[in-house]
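Results of the structural survey
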Amino acid sequence: MKAGAGLLSAVALFLLVGAVLSQNVPRVKKPTKRPPSSRKPSVPRPARPPRPPLTPSPPRPALPEPIEPTDLPPVIFGSSDMFEHCPKVCTCTRTYPNVLFCENHNLRVVPVIPERTHYLYLQNNFISELTAEPFANATEVRWINLANNRIHRIDKQVFEHLPSLLYLYAQRNQLKEVPAGMPTSLEQLRLAKNRITNIPSGAFSKMGNLTLLDLYHNQLSDSDLGKNTFKDLHGLMQLNLAHNVLKKMPIGVPKGIIQLFLDKNRIDGIPKDYFNGFSHLAFLRLNYNQLSDKGVPKTVFNISSLLDLQLAHNQLSSVPMFNSHLEHLHLNHNTIESINGTLLCPYSMEVELEDHSLLPRLRYLRLDGNHVSPPIPMDVIMCFRHLQSIVI
């Protein structure tokens, strides 16, 4: 018992001494400063020199104009021969036995035309001239389309083989003059978008059957149109001379014409008696010219047959007089500042018309692009009772 009690006393004494020693030993604090870095100190970079001012780069040399390739695309061969003498470079069908389809075939020359052909399609090719040989047996041809080729010459002898020709389409080519020797049977001649500067004397000789002559977008001037240029065109109904370089109204226009188109020329005046004797003129277009009040006589457009009058994009400052039969009047983009219905009205508004068929027939009036502001004067509305549309 005494040995056990002594052992317990010794253990208790050991624990007590350890607790005292643990309180008196100071704790080691961790350093607060970081150890010196092994990296070398950074050296400040020198300031960048200022950029030089921008100078415009030298202009690039202009690219050369595209040169037309000398190697034309190969000729496209048509279907197999279904008819005797059908050219291999064209197409013949049983559905249309009198039609020869040669368009869009990359042709350079006209193939030999079979005798049975009435309608000939040759547009959109590379044909540069028309010679007589291919047409030797084409006496039955009535309709030829040569549009969009490179034709600069047509032999006079070509038409000697075409006594039945009615329609000739040769727009978008390189002709410099109206072809000579055309058949008297011709009814429509379309020569728009060529380079025509000359109409040979007698080019339309004895062509009384011609009803449509289209010379749009060429280079015709006043000197190219003589007083006898159109004298034989007694049946002409439509004459298109728009987009040329005319400064005066063309002389010698047939009196029986129905449509006369003169847009985009340089016409600055109209003789006061110019339209005397025009008994059928219904459509007259003079847009994009240089017409002013000084160059337009007061009653020059008082034409009883006129239905549609277009004078847009000119220099008019007042509304010209017109006939009560007129239905459409285009005066947009001029310098008009006001419109007076009392002056324009073809009858006295103080008198009530019992016959309403005598009322002015104007239905469409365009005045936008001028200095006219709404509202429309009441006297205009009271006079032109058939007006359905007014554009300001």
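About the criteria used
- Counting restarts for each chain: residues are numbered from 1 in the order of the written sequence.
- pLDDT decides what is reported in this predicted model: residues at 70 or higher carry local features, side-chain atom pairs at 80 or more are listed and counted, and totals for whole chains, interfaces and linings draw on all residues regardless.
- Note that water and hydrogens are dropped before the side-chain values are worked out from all heavy atoms of the structure.
- We define a salt bridge as a side-chain nitrogen of Lys or Arg found within 4 Å of a carboxyl oxygen belonging to Asp or Glu.
- Secondary structure elements are defined from DSSP: runs of H or I of at least 4 residues count as helices, runs of E of at least 2 residues count as strands, and each element is numbered from the N terminus.
- Each residue is assigned to one of three classes by its accessible area relative to the maximum for its type, calculated with a 1.4 Å probe on protein chains only: buried under 20%, partly exposed between the two thresholds, exposed over 50%.
- Between 30 and 60 degrees the pair is tilted, below 30 it is stacked and above 60 it is edge-to-face, where a pair is any two Phe, Tyr or Trp rings, Trp via its six-membered ring, whose centres lie within 6.5 Å.
- For a ring to carry a charge above it, either NZ of a lysine or CZ of an arginine must fall within 6 Å of the ring centroid while also lying within 35 degrees of the normal to the ring plane.

For the coordinates displayed, the defined rule picks out five salt bridges. We note a salt bridge from Glu 129 to Arg 153, for which the minimum N-O separation is 2.4 Å. Taken together, the residues span a long stretch of sequence, with Glu 129 in strand S3 (residues 129-130) and Arg 153 in strand S5 (residues 153-154) at a distance of 24 residues. The partner of Arg 366 in a salt bridge is Asp 368, with the nearest N and O atoms 2.7 Å apart. On the basis of relative accessibility, which here comes to 14%, the residue Asp 368 falls in the buried class. A single network of salt bridges, built from pairs that share partners, joins Glu 129, Arg 153 and Asp 155.

This structure, assessed with the given rule, holds 10 aromatic pairs. Seen from their ring centres, Tyr 274 and Phe 278 are 6.1 Å apart, and the 20 degrees between their planes marks the pair as stacked. According to the relative accessible area criterion, Tyr 274 is buried, its value standing at 11%. Here the aromatic rings of Phe 275 and Phe 278 are separated by 5.7 Å at their centres, their planes lie at 75 degrees, and the arrangement is edge-to-face. Look at Phe 275 and you get buried, because its relative accessible area is 5%. The exposure class assigned to Phe 278 is buried, which follows from its relative accessible area of 6%. One aromatic cluster in this structure is built from Tyr 96, Phe 101, Tyr 121, Trp 143 and Tyr 169. Over the ring of Tyr 288 we find Lys 264; its NZ or CZ atom is 5.4 Å from the centre of that ring. Between Arg 285 and the ring centre of Phe 261, over which it is positioned, the NZ or CZ distance is 4.0 Å.

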